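Coordinates in review
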There are 2 protein chains.
Amino acid sequence: MTKVKVAGFGVSLDGFSAGTAQSLEHPLGVRGPELFQWFFPTQTFRQMQGKDDGETGLDDQFAVRAMEGFGAFILGRNMFGPVRGEWPDDQWKGWWGDDPPYHAPTFILTHYPRAPIEMLGGTTFHFITGGIEEALQKACEAAGAKDIKIGGGVETVRQYVMAGHVDEIHLAVAPVVLGQGEPLFSGMDLRALGYRTVEHVPTERATHIVLAR
Amino acid sequence: MTKVKVAGFGVSLDGFSAGTAQSLEHPLGVRGPELFQWFFPTQTFRQMQGKDDGETGLDDQFAVRAMEGFGAFILGRNMFGPVRGEWPDDQWKGWWGDDPPYHAPTFILTHYPRAPIEMLGGTTFHFITGGIEEALQKACEAAGAKDIKIGGGVETVRQYVMAGHVDEIHLAVAPVVLGQGEPLFSGMDLRALGYRTVEHVPTERATHIVLAR
């Protein structure tokens, strides 16, 4: 049965899952990259960059689980890009170049309609203006028997978790404090929502925790 | 030179360092004990319980560092006990029995004056009504060349950290979500306060992080 998952989601010790002031220069916000020190050296990430090196091991196993086998993805608009408000034109096609790492239908939450964009490698971006429920319904139809990943950003993950739609959350807790940024847990009672820790795998670069209901 | 430290301080993934509703039955708050699953099996904790068993290893090394070698301790009143308001009598002498685990002068922050209590094993409880600065000054005089530990609870740690008095913070991040409790990080910009991660030691039961300035 299709599961809805958050996976490979970085969070700092002090609970921030993105830095402040996202921009073209800082897609993850200022200091956001510190959350992904476990991910950047992995073979999975290096392959996304077109390289054939990279580390295997526990971090890479979680990276694989976070990127492969999904039948559909859902992203918030800020995860898709730095453009705000009306789309000025069709130029912006995501952070990832012509061949994004999704390789599946990918639904972008936005208030501003836009025609779908078919990218290389199996990724098609669909723009959803009807909110999280509509996006989830379309993702379910697209995913078939495969799982759906809520790819981010922070606010999108929070909305799906608090609405009770997320079966599993893999957090990669980075051994750093960010001080400022987008808080992941604020006002979100994961215990009351039914989550318990089902996996706990520490590595040198992160503590991987899988929560499930 | 004397350093002021927070040590062996538990925090959940979602940023809580104590459960809710502290009481005589729940000194750590409801679910608070989940934060200390790394500590309870250690030789250090077992010896505090008068047992001669317990695990050695990385968790125990951090437990030793968290309890030994301090010249003075500072505790918030709620860390000392469940009594609120005026002291009704001299009966309450802490959670720890006749021989508390401090073995050094221990300064209790309170709004209500009370005579010092000399316990067994070198612990004397001093009640400080002049606030965190006065407590720190007296702890410094008492500690000599040794370090001072801010023992908790959460609000006391937060006050000393935000006032810029804490040189080193050892957090034991528990692989659990509490959902509710006393938030450690809320509104506290550890980065702006100058903290960086200087140690990162994951174990099966916790991720130990030492922050220093």
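It should be emphasised that the depicted structure is a prediction, and the values quoted were computed from it without experimental measurement.

As for the overall build of chain A
A tally of regular secondary structure across chain A gives 5 helices and 9 strands. Put simply, chain A runs from its N terminus to its C terminus through helices and strands in the order β-α-α-β-α-β-β-β-α-β-α-β-β-β. Relative to the globule expectation of 17 Å for 213 residues, the C-alpha radius of gyration of chain A, 16 Å, shows essentially globular dimensions. Its C-alpha atoms put chain A at 45 × 40 × 35 Å along the principal axes.

Focus: the sheet that holds strand 1 (residues 4-12) of chain B
Residues and elements named next belong to chain B. The strand order across the open sheet built from 9 strands is 4-5-3-2-6-1-7-9-8, with neighbouring strands paired in mixed fashion. The open sheet has two edge strands with one neighbour each: strand 4 (117-118) and strand 8 (196-202). Bridge count for strand 8 against strand 9 (residues 207-212) is 6 bridges, and the pairing is antiparallel. Across the sheet, residue H200 finds its bridge partner in strand 9, namely I209. Across the face of the sheet, helix 2 (residues 58-67) comes into contact with strand 1, strand 7 (168-174), strand 8 and strand 9 while running at roughly 135° to strand 1. In this fold helix 4 (residues 132-143) packs onto strand 2 (70-76), strand 3 (105-109), strand 5 (124-128) and strand 6 (147-152), with an angle of close to 160° to the strand it touches most, strand 2.

Some points on the relation of the copies chain B and chain A
When chain B is brought onto chain A, the operation consists of a screw motion whose angular component is 180° and whose axial shift is 0.0 Å, with 0.0 Å RMSD remaining. The relationship between the two copies is best expressed as a two-fold rotation axis. No C-alpha of chain B approaches the rotation axis more nearly than that of B:P202, which lies at 2.9 Å.

Notes on the pairing of strand 1 of chain B
Residues and elements named next belong to chain B. Summarising burial for strand 1: 9 of the 9 residues are buried, a large majority. Here strand 1 pairs with strand 6 via 2 bridges, running parallel. Bridging from a neighbouring strand, K5 pairs with K149 of strand 6. Pairing of strand 1 with strand 7 involves 6 bridges; the strand directions are parallel. Following the sheet pairing, F9 is matched in strand 7 by L171.

Looking at the environment of B:K93
Structurally, B:K93 is set in the loop between helix 3 (77-80) and strand 3. Taking the C-alpha atoms as reference, B:K93 lies 11 Å from B:H126; in sequence the two are 33 residues apart.

What about the interface of chain B and chain A?
Contacts between the two partners involve 23 residues from chain B and, on the opposite side, 23 residues from chain A. Of all the secondary structure elements, the ones that give two or more residues to the side of chain B that touches chain A are strand 7, strand 8 and strand 9 of chain B. Partitioned by chemical class, the residues of the side of chain B that touches chain A number 14 nonpolar, 6 polar and 3 charged.

Overview of the sheet that holds strand 8 (residues 196-202) of chain A
Residue and element names in this part refer to chain A. The strand order across the open sheet formed by 9 strands is 4-5-3-2-6-1-7-9-8, and the pairing between neighbours is mixed. Either end of the sheet is taken by a strand with one partner, and the two such strands are strand 4 (117-118) and strand 8. When strand 2 (residues 70-76) meets strand 6 (residues 147-152), the two strands line up parallel, connected through 5 bridges. The residue of strand 6 that forms the bridge with L75 is G152. Running over the sheet, helix 4 (residues 132-143) touches strand 2, strand 3 (105-109), strand 5 (124-128) and strand 6 and is turned about 160° from strand 2.

Side note on helix 5 (residues 154-162) of chain A
Restricting attention to buried positions, one finds in helix 5 of chain A the residues A:V154, A:T156, A:V157, A:R158, A:Y160 and A:V161. A:G164 sits one or two residues past helix 5 of chain A and shows a positive phi near 80°.

Here's the deal with the pairing of strand 7 (residues 168-174) of chain A
Residue and element names in this part refer to chain A. Buried residues dominate strand 7, accounting for 5 of its 7 residues. Here strand 7 pairs with strand 9 (residues 207-212) via 6 bridges, running antiparallel. When the sheet's bridge partners are listed, V173 is paired in strand 9 with T207.

As for unusual backbone geometry
Cis rather than trans, the peptide bond between A:G152 and A:G153 has omega equal to -5°. Mapping A:G153 onto the fold places it in the loop between strand 6 and helix 5.

Section: helix 2 (residues 58-67) of chain A
Residue and element names in this part refer to chain A. Those residues of helix 2 that sit buried are D59, D60, F62, A63, A66 and M67. Looking down the long axis of helix 2, one finds its buried residues gathered within 160° of arc, a one-sided arrangement. Elements in contact with the buried residues of helix 2: strand 1 (4-12), helix 1 (43-48), strand 7 and strand 9. G69 sits one or two residues past helix 2 and shows a positive phi near 85°.

A closer look at the nonpolar core
Counting 116 residues, the largest nonpolar core has A:I74, A:V173, B:I74 and B:V173 as its most contacted members. When neighbours within four sequence positions are excluded, B:I74 is seen to be in contact with B:F107, B:A135, B:L136, B:A139, B:I148, B:I150, B:G151 and B:T156.

Regarding the confidence of the model for chain A
Low pLDDT marks regions whose predicted coordinates should not be analysed in detail. Per-residue pLDDT for chain A averages 93, and the proportion of residues at 70 or more is 99%. For this predicted complex, the interface score ipTM comes out at 0.85, alongside a pTM of 0.90.

Thoughts on the environment of A:T42
All names here are of chain A. If you trace the backbone, T42 turns up in the loop between strand 1 and helix 1. Classification of T42 as buried rests on a count of 26 C-beta atoms within 10 Å. Each C-alpha atom, one on T42 and one on D59, is 6.8 Å from the other, the two residues being 17 residues apart in sequence. In this view, T42 contacts G54, E55, D59, D60 and A63; residues no more than four positions away in its chain are not counted.

What about the environment of A:F107?
Residue and element names in this part refer to chain A. Counting through the fold element by element, F107 comes out in strand 3. Judged by C-beta crowding, with 25 C-beta atoms within 10 Å, F107 ranks as buried. For the pair formed by F107 and G69, sequence separation is 38 residues and the distance between their alpha carbons is 16 Å. Those residues in contact with F107 that lie beyond four places of it in its chain are A72, I74, H126, I128, A135, K138 and A139.

Thresholds applied
- Residues numbered from 1 in each chain as written.
- Chains lettered and ligands numbered in written order.
- Predicted model: local features only at pLDDT ≥ 70, side-chain atom pairs only at ≥ 80, totals over all residues.
- Helix = DSSP H or I, 4+ residues; strand = E, 2+ residues; numbered from the N terminus.
- Rg over C-alpha atoms; globule rule 2.2 N^0.38 Å.
- Pairing = 2+ DSSP bridges.
- Contact = placed C-beta atoms within 7 Å.
- Axes fitted to C-alpha atoms, helices over the stretch in contact; angles between N-to-C directions.
- Least-squares fit on C-alpha atoms with pLDDT ≥ 70 in both.
- Buried ≥ 20, exposed ≤ 12 C-beta atoms within 10 Å, placed from the backbone.
- Nonpolar A, V, L, I, M, F, W, Y, C, P; charged D, E, K, R; others polar.
- Arc of directions from axis to C-beta.
- Core = buried A, V, L, I, M, F, W, Y, C linked by C-beta atoms within 7 Å.
- pLDDT = per-residue confidence, 0-100.

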